[in-house]
Amino acid sequence: MSKRFSLSVVISILILLISVFTVKSVYLTAEPAVDTVQAHTKESKATLEGVIHNTGGKNIIRYGFKWGTSQELDEEKILSGTVDVNKPFSTTITGLEEGITYYYRAFAVNAKGTAYGDIKSFTVPVKYNPPPVVTITSPGKKATANDGAKKEQKTITITVKDDLKKTNQVAVSNPATNKIAAAPNRILSTPSRGSSYTNKSKYPRLSKYNGSFEQFYYRDIGGGAIEIDPQWVAENIVTIKLPGLNQYVQVHKNAKDNFIQAFTYIKNGTAIINGRQVPLLSLIKTMDGTFVPRHVNWNSAKGLSNHSWGIAIDINAANHFRYINPNREPDDPNYILWVKAFKPAGFSWGNSYGDAMHYELVK
Ligand SMILES: [Zn+2]
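Conventions and cut-offs
Residues numbered from 1 in each chain as written. Predicted model: local features only at pLDDT ≥ 70, side-chain atom pairs only at ≥ 80, totals over all residues. Helix = DSSP H or I, 4+ residues; strand = E, 2+ residues; numbered from the N terminus. Contact = placed C-beta atoms within 7 Å. Buried ≥ 20, exposed ≤ 12 C-beta atoms within 10 Å, placed from the backbone. Core = buried A, V, L, I, M, F, W, Y, C linked by C-beta atoms within 7 Å. Pairing = 2+ DSSP bridges. Axes fitted to C-alpha atoms, helices over the stretch in contact; angles between N-to-C directions. Parallel < 35°, antiparallel > 145°, perpendicular 65-115°, else oblique. Expected span 1.5 Å × (residues − 1). Arc of directions from axis to C-beta. pLDDT = per-residue confidence, 0-100.

J.: Please explain the overall build of the chain as it appears in this structure.
T.: Within the chain one finds six helices and 24 strands. Counting only contacts in the chain whose residues sit at least 6 apart along the sequence, the fraction spanning at least 24 positions is 55%.

Now the structure itself:
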């Protein structure tokens, strides 16, 4: 009797212990808690930081960062070593390219699963090489080019095409350096032009170099909005009247012709929808954008939107912040406007990245 009794006590205790252990491992453990912290960039490198707040009651098997040039985060960096809870961990990624936005998130794995911090991003700053300062002295026909590193002086022949003040163009038959030939618009007797003379303490950040639309200094003013160096705005942003719509908009001076071209097609063109011919103009319900200094999606963690350069426009925003499949929606107004007006006028369409309202110039 007493032997049976003690056996059942032992069995009961065992069952109790097993239950406690099971409850603990099933219910009292969880995935780790991890946060993505910040990134510091230096030239082509970036140091990513994350922190594990809680191991979830299990050992951390693996932790590190996922990263890449899109939110797919194709790359992975696994860290080794023991985890200190609430103490940031970091790693450095290398070989990054100027002007490119990278995305990253911290992760940690325990036996319960994998936990991720938020996806964050940073853009590798573009090194700003100031244009050469060229001075031309007429009597000796000498040109001096100084790009800050090298100084060269040569006797040259200059041909002034048209009115110099009006066109800012000078043909140089024997350029002092290749850089001069590559940057004819800089051959001016007014070196105070351009972003290198901006008040950098007020506008400390430099945008990426955006092809013929160049770059500017700016500052963040909250809510994803930015304020651009007013000198750049004064020199580059112009007001035009869009044909057909007859609305005034602000665009980059080098984008002006493309906007007028697109809206001339819209003013004069038609499309067949459901067997009926309709004017292209009737497909535009709303128009927004053009020059709006801001980050992508008004998110200051993202890069600058091309709206900041005055080279993008949003049409029919209400139901077009999405991808349009032309096979399924061949009568979609924004698809028709893309084919008949914006594409022939040199624009690209945001549809490929799920933003069918957005048309922009890339050059
Ligand atoms: Zn847009």
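J.: What is the right way to look at unusual backbone geometry in this model?
T.: Comment: phi is negative for the bulk of residues other than glycine, and the bulk of peptide bonds are trans. Its identity as a non-glycine residue notwithstanding, asparagine 86 has a phi of 65°, on the positive side. Looking at the element boundaries, asparagine 86 is found in the loop between β4 (75-79) and β5 (89-93). You can call asparagine 86 exposed: it has 8 C-beta atoms within 10 Å. Phi is positive for threonine 290, close to 50°, though the residue is something other than glycine. Tracing the sequence through the fold places threonine 290 in the loop between β21 (287-289) and β22 (312-315).

J.: Sorry, what's going on with the nonpolar core here?
T.: Among soluble globular proteins, nonpolar side chains are generally buried collectively. Grouped together as the largest cluster of nonpolar side chains are 29 residues, with contacts concentrated most on Ala262, Ile311, Leu337, Phe342 and Tyr359. Going through the elements one at a time, α5 (256-268), β22, α6 (333-342), β23 (347-349) and β24 (358-361) are the ones with two or more residues in this core. The element contributing the most residues to this core is α6, with six residues. Those residues in contact with isoleucine 311 that sit more than four places away from it in its chain are Phe213, Val251, His252, Ala255, Asn306, Glu360 and Leu361. Within the second largest apolar cluster, 17 residues are counted, among which are Trp67, Ala106, Phe107 and Ala115.

J.: Please clarify how the pairing of strand β7 (residues 113-116) should be interpreted in this entry.
T.: A regular strand places its side chains on the two faces of the sheet in alternate fashion. Relative to β7, strand β6 (residues 101-110) is paired through four bridges, and the arrangement is antiparallel. Considered in β7, the bridge of phenylalanine 107 is made with tyrosine 116.

J.: Which parts of the structure should I look at to understand the sheet that holds strand β16 (residues 225-228)?
T.: In spatial order, the strands read β14-β15-β16; together these three strands make up an open sheet with antiparallel pairing. The sheet is open, and its two edges are formed by β14 (205-206) and β16, each paired on a single side.

J.: Sorry if this is basic, but what is going on with the packing of α5 against α6 here?
T.: When two helices pack together, their arrangement is given by the angle between their axes and by how far apart the axes lie. Close contact between α5 and α6 brings their axes to 9 Å; oriented N to C, the two are set at 110°. Judged by the angle between their axes, α5 and α6 are roughly perpendicular. Only Leu337, Lys340, Ala341 and Phe342 of α6 make contact with α5, whose side of the interface consists of Ala262, Tyr265 and Ile266.

J.: Would you mind going over the sheet that holds β21 with me for this structure?
T.: By way of backbone hydrogen bonds, the strands of a sheet pair with one another, either parallel or antiparallel. Taken in spatial order, the four strands line up as β21-β22-β24-β23 in an open sheet, and their pairing is antiparallel. The sheet is open, and its two borders are formed by β21 and β23, each paired with just one other strand. Along the sheet, successive strands turn relative to each other by an average axial angle of 30°, direction set aside. In this sheet, β22 lies alongside β21 in antiparallel orientation, the contact comprising three bridges. Bridging across to β22, aspartate 288 finds its partner in aspartate 314. Each of β22, β23 and β24 is contacted by α6, which is oriented at about 160° to β23, the strand it contacts most.

J.: Could you clarify how one ought to interpret the pairing of strand β17 (residues 237-242) in this entry?
T.: Summarising the sheet, β17 and strand β18 (residues 247-252) pair through six bridges and their orientation is antiparallel. Within the sheet, the bridge partner assigned to leucine 242 lies in β18 and is glutamine 247. With antiparallel pairing between neighbouring strands as the criterion, β17 and β18 make up a hairpin whose turn holds four residues, including glycine 244 at a positive phi of roughly 85°.

J.: What is the right way to read α6 from this model?
T.: Every α-helix winds through 3.6 residues per turn, so residues three or four apart in the chain are directed the same way. Among the 10 residues in α6, eight count as buried, and that is most of the element. Residues Pro333, Asn334, Tyr335, Ile336, Leu337, Trp338, Ala341 and Phe342 constitute the buried set of α6. Packing partners of the buried residues in α6 comprise α5, β19 (270-273), β22, β23 and β24.

J.: What exactly am I supposed to notice about α5 here?
T.: For α5, which comprises 13 residues, the first-to-last C-alpha distance of 18 Å matches the rise-based estimate of 18 Å (1.5 Å per residue) to within 8%. Within α5, the full set of buried residues consists of Phe259, Ala262, Phe263 and Ile266. Projected onto a plane normal to the axis of α5, the buried residues spread over an arc of 90° and lie on a single side. At its buried positions, α5 is contacted by β17, β18, α6 and β23.

J.: Can you walk me through the environment of glutamate 214 in this structure?
T.: By the secondary structure assignment, glutamate 214 is in the loop between β14 and β15 (217-222). As a C-alpha pair, glutamate 214 and tryptophan 309 span 95 residues in sequence and 8.7 Å in three-dimensional space.

J.: Would you mind going over the confidence of the model for the chain with me for this structure?
T.: Note that predicted coordinates carrying low pLDDT should not be read in detail. Chain-level pLDDT for the chain is 81 on average; 77% of the residues reach the 70-or-more range. Confidence over residues 128-132 falls short of pLDDT 50; this stretch has 13 contacts with residues more than four positions distant or in other chains.

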